[in-house]
Amino acid sequence: MCGIIGYCGDKNASTVLLEGLKRLEYRGYDSAGICVGIDKALKIVKCKGKIKDLKAIVPENFPGNYGIGHTRWATHGEVNDVNAHPHTDGSGKVAIVHNGIIENFQTLKNKLQREGHEFRTETDSEVIAHLIGTFYQGDLEKAVREAIGLLKGTYGIVCVHADEPNRMIGARNGSPLVLGVGEHEMFLGSDVTAMMAYTKQVVYLEDGEIVDVTDKGFRTSDYDDREIAKEIDHIDWELQQIEKDGFPNFMEKEIFEQPESIRRCMSGRLDTELATGHLGGLNLSSKELLEVERVKIIAAGTSYHAGMVASYLMESMARIPASAELASEVRYRNPIVERNSLYFAVSQSGETIDTLFAMRELQRKGARVLGICNVVGSTIPRESDGGVYIHSGPEIAVASTKAFTSQLMAFYIFALSMARMRDMSYETGHTLLDGMKAIPDQVVRVLEQKNAIRDLAMKYSSSENFLFLGRGINYPVALEGALKLKEISYIHAEGYSAAEIKHGPIALINEQTPSLFLVPDDRLREKVISNMKEIKARQGKVIAVAVEGDEEVGDIADDTIFIPSTHELLYPFLMVVPLQLFAYYTALDLGRNVDQPRNLAKSVTVE
Ligand code: M6R
C-alpha cells in the first residue's frame, strides 16, 4: 500500500525524497507529495498522479535538508490533490505521512472539530497531524508518543516539526517501517528500496516501536519510552536489481528472470546423492518433521495459488494431508490449531497484512508457523517460527510472476525432503530431483516462444471474458492464469477446474468467450480433452497449453502453445509461464500500464 520516506542529512532533501518515492511507487500510485523543512518552515508540494507528475511541479533547487514524502494508495477519501499526503496540523508546523488505516479516526476527528480544529481532507491520516499538534510542547517525540496512544488501527508514520529541523520521528504498528543508517544522513522508509541508492545499513522497526532520528543518529524506544537496542542489518540486494535493466518494464524483466530465480531458489538445497532436499532455517529437527501429521498453508493472491499447488504436492509426494486457505478468512474464523500440524505463511513481500495477522492469530493459539517469503527482513519472516527465503530478488511489478515459481520450488524441495523421510523410494526421489533440476532450462524453452504467445494474445485481446481451465495440480495454475489476465489487462477472467464447467460456467460459452485449457500428459489428460470437446461443441474458442508432440490436443484446439514434457507433478512451472506471457502481451496490446495496473498496489498492508 502507500509508500513513505523520510530523510535528514547533508543532501538536498527533495532530490532524495523524489528518488525514494520513485522506487516506492509500486506500493501505491494515485497521488504523491513531499514536505521539506527550511528556515523553521515546512514547504509542501503534492498532487494527484504519479511521481513524474509530482516531480514536474517541485521547483528546481527546492532547498532544505530534511523532509518526508508519500506515494498514496487511497483508502479514505477520493484521489485528488488535497487528500494527497503529507498532511499538516492547523498551525502548519507539524507534517506527517502515514501508511495504514486509523480505524477510530472519525471519533477523534469529531472531538478535534468540536475543539475548533479545521480539517482540510477526507483522509483518516490528517487526524494524526492534528493530534500531534495538540500535544506538542517543544518535543516532537513526546507529542507523537501521546498522539499514537489514542490511535486504533494500523500505521507506519513519519513526522517532522518546523521548529525542530533535522529531526524526524517514526512509529510503527502493523505497517512496515525501516530505518536507513548512512554517513551523516538517516532515512526512514516503508521498505529498503526507498533508501538503497544511499545506504545498505538498515534497522527493521517492530510494531510498538518509536524511532527518534536526527542526522547524527537514532534512538529506538517502546510506547512507554523504554529504550530498545536495535541491530543494524546489511541488505544484500544490488541497486541494479531494482532497475529495469534494459527491459521495457519490470513485469517483462521478472518473467524472463525466472530460469535464474528458480535456479537460485534451488541452489545448495538439492542433495543428489540422497535424492532429497535440504532447507536450512526451518528450525525443526528430523524427529519433529517426522511427527508432522498435517500441513496447512495460509496466503493471499498469487501466493495462495502457490500454496494450493503445494497442498497437492504434500499429499501426492509425502502423503501428508494438506490444505491451503486464504489468510483473510483464517483470521476471523477462530481457527482450530491441531496437534502436529505444521503451518506455512506464504508471501512474496512478507508484509501482506491478511497473512501476517492470520499468522499471529495461529501463533497465539500455539501453532508453529513457517514463512515462505522473498523480501529478506520483512515482517512475516521476522515473526515466523522459521522458514525459507525464496531468493527471487526484488519483485517490483504489481503482478507477481517470478515469486510464484520460486515459492513453488521451495515447496517442491520441502515436499521432496518430507517424502524421502517417509516412504518415497530413492529411485522416485531421483526422478523428481532430476525433473526439478531440468526446470530452469525448460522454462527458457517456454520463454523462447514469446513471439508466438504475443501473436496469440493479440488475436484474443478483444475478448471481454475468458475461462482458464485445468485439473489436479494444474487447477491452481488455471486460477493464477485468470488472476494474471484480469489484474493487468482488466479482461474478466475466471479460473475453474475443467471438470466444473458443466456445473455452471459452460453457460457462458459462446464464440466471444475463449477457454484456455491446461493439458499436461498426466492421468487426467483424457478427461480434460473431453471438456475441450464440450466447449468446441458449443462454438467456444479453445486455446490449449499442451505437451510437445500432443497432436490430438493440437487438432482439437483453435490455438496451441506447446511446452516441454516433464514429470506430471512438475507441470505447474511450465504451464504458468505461457499464462504470464499471455496476460502480459494482452495487457500491452490493450495499452495498459502493466507494472502499475489500476486500483492495485504491490504490498497490501491494509485489511
Ligand atoms: O506479497 P504477497 O505474496 O503476500 O502478496 C499477496 C497478493 O497480494 C499478491 O499475490 C497479489 O495477488 C498479486 N498482485 C498477484 O499478482
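See the structure shown above.
First, a word on scope: everything that follows refers to the structure included in this document.

**Notes on the packing of helix 9 (residues 301-318) against helix 16 (residues 475-489)**
Where helix 9 meets helix 16, the axes come as close as 8 Å, and the angle between the chain directions of the two elements is 170 degrees. What the angle tells us is that helix 9 and helix 16 run roughly antiparallel. Residues Gly 301, Thr 302, His 305, Met 308, Val 309 and Tyr 312 of helix 9 form the contact with helix 16, whose participating residues are Tyr 475, Pro 476, Val 477, Leu 479, Glu 480, Leu 483 and Lys 484. Of the residues that constitute the contact of helix 9 with helix 16, the class distribution is eight nonpolar, three polar and two charged.

**Concerning the sheet that holds strand 26 (residues 559-563)**
What the five strands build is an open sheet, ordered 23-22-24-25-26; its pairing is parallel. Each edge of the open sheet is held by one strand with a lone partner, namely strand 23 (492-497) and strand 26. Along the sheet, successive strands turn relative to each other by an average axial angle of 15 degrees, direction set aside. Here strand 22 (residues 465-470) runs beside strand 24 (residues 515-519); their pairing, made up of three bridges, is parallel. For Phe 468, the partnering residue across the bridge sits in strand 24 and is Leu 516. Contacting strand 24 and strand 25 (542-547), helix 17 (residues 525-536) runs over the sheet at an angle of about 165 degrees to strand 24.

**Some points on the nonpolar core**
Judged by nonpolar contacts, the single largest core of 124 residues is most densely connected at Ile 34, Met 317, Phe 344, Tyr 412 and Phe 582. If we ignore the near neighbours within four places in the chain, the residues touching Met 317 are Tyr 412, Ala 415, Leu 416, Ala 419, Met 424, Leu 432 and Leu 569. With 25 residues, the next largest nonpolar core counts Leu 112, Ile 132, Ile 148 and Ile 210 among its residues.

**Describing the side chain of Lys 402**
On the secondary structure map, Lys 402 appears in helix 13 (residues 402-421). Lys 402 sits in the buried class, given a relative accessible area of 2%. Setting aside residues up to four positions removed in sequence, Lys 402 forms contacts with Glu 254, Glu 257, Gln 258, Ser 261, Ser 392, Gly 393, Pro 394 and Glu 395.

Thresholds applied
- Residues numbered from 1 in each chain as written.
- Predicted model: local features only at pLDDT ≥ 70, side-chain atom pairs only at ≥ 80, totals over all residues.
- Heavy atoms only, no water.
- Axes fitted to C-alpha atoms, helices over the stretch in contact; angles between N-to-C directions.
- Helix = DSSP H or I, 4+ residues; strand = E, 2+ residues; numbered from the N terminus.
- Parallel < 35°, antiparallel > 145°, perpendicular 65-115°, else oblique.
- Contact = heavy atoms within 4.5 Å.
- Nonpolar A, V, L, I, M, F, W, Y, C, P; charged D, E, K, R; others polar.
- Pairing = 2+ DSSP bridges.
- Core = buried A, V, L, I, M, F, W, Y, C linked by side-chain atoms within 4.5 Å.
- Buried < 20%, exposed > 50% of the residue type's maximum accessible area, 1.4 Å probe, protein only.

All quantities given are derived from atomic positions and should not be read as evidence of function.
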